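Analysis of the macromolecular model
Chain by chain, the residues run as shown.
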Amino acid sequence: MTDTDAVHAQLRPPSELEDALSHLQCVLVARRTATNPEGINWQQYDVLEMLRIRGAMNPSRLSESLGVSRQTASKALRVLKDLELIQQAALGEDKREHTTSLTSKGHAFLVSAARSRQENVQAAVEVLSPGEQAMFTEMCHKVADSIDTLLH
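The following refers to the structure shown. (Residues numbered from 1 in each chain as written. Predicted model: local features only at pLDDT ≥ 70, side-chain atom pairs only at ≥ 80, totals over all residues. Heavy atoms only, no water.)

Before going further, it helps to spend a moment on the packing of aromatic side chains. Per the stated rule, a full pass over the model turns up 1 aromatic pair. An angle of 70° between the planes, with centres 6.4 Å apart, marks the rings of Tyr45 and Phe109 as edge-to-face. Taken together, the residues Tyr45 in helix α3 (residues 42-54) and Phe109 in helix α6 (residues 104-127) connect sequence positions 64 residues apart. This pair shows no difference in class: Tyr45 is buried, exactly as Phe109 is. (Phe/Tyr/Trp six-rings, centres within 6.5 Å; stacked < 30°, edge-to-face > 60°. Helix = DSSP H or I, 4+ residues; strand = E, 2+ residues; numbered from the N terminus. Buried < 20%, exposed > 50% of the residue type's maximum accessible area, 1.4 Å probe, protein only.)

What follows is the structure, given as structure tokens:
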């Protein structure tokens, strides 16, 4: 994209899709902020959620999955380890590489934090028919996967 293209792109009003995605993101972030127990920051929460969703990961894969630098991920991991929400174990004979996983305390933290997510689901269930719920679920996965490819 040239500088001229960038200027023209800035002048165009956002599409309805852009506005909808932006609004959804803002609402979800506001909900997570309002229900953030223990003062876990967003980066740390994302690490915990990624480990919950994808299981144990090494720090390199975790940083790639989150779209952050290895240093940023390492900083979050240190805090979470100090809070005993995660544990790290050496992989194989190479003691330099570790796998990171949730501890039972980490799982308990996420269970308590899940209440807000469940309230979000209930709000969606109240306004979407079962068919719309299935379509919304499929579309969320498609869009998330597509946006995820922008990180790599």
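As enumerated under the stated definition, the model contains 4 salt bridges in all. The partner of Arg31 in a salt bridge is Glu119, and the shortest N-O contact between them spans 2.8 Å. Of this pair, Arg31 sits in helix α2 (residues 16-34) while Glu119 sits in helix α6, placing them 88 residues apart in sequence. Salt-bridge contacts for Glu138 lead to Lys142; the nearest nitrogen and oxygen are separated by 3.7 Å. Of the two residues, Glu138 and Lys142 both sit in helix α7 (residues 130-150), 4 residues apart, roughly one turn of that helix. (Salt bridge = Lys/Arg side-chain N within 4 Å of Asp/Glu carboxyl O.)

What follows deals with the layout of surface pockets. Approximately 2,500 Å³ is the volume attributed to the largest pocket. Taken together, 48 residues make up the lining of the largest pocket; nearest its centre are Leu24, Leu28, Arg117, Cys140 and Ala144. Counting residues per element, the ones that place at least two in the lining of the largest pocket are α2, α3, α4 (59-66), α6 and α7. The leading source of residues in the lining of the largest pocket is α7, at 11 residues. Considered class by class, the residues forming the lining of the largest pocket number 29 nonpolar, 10 polar and 9 charged. (1 Å grid on protein atoms, 1.4 Å probe; cavity = no way out; pocket = protein on both sides within 12 Å on 5 of 7 lines; lining within 4 Å. Points joined across faces, edges and corners; volume = space filled by probe spheres on them. Nonpolar A, V, L, I, M, F, W, Y, C, P; charged D, E, K, R; others polar.)

Fair warning: the whole summary comes from geometry, so function is off the table for now.
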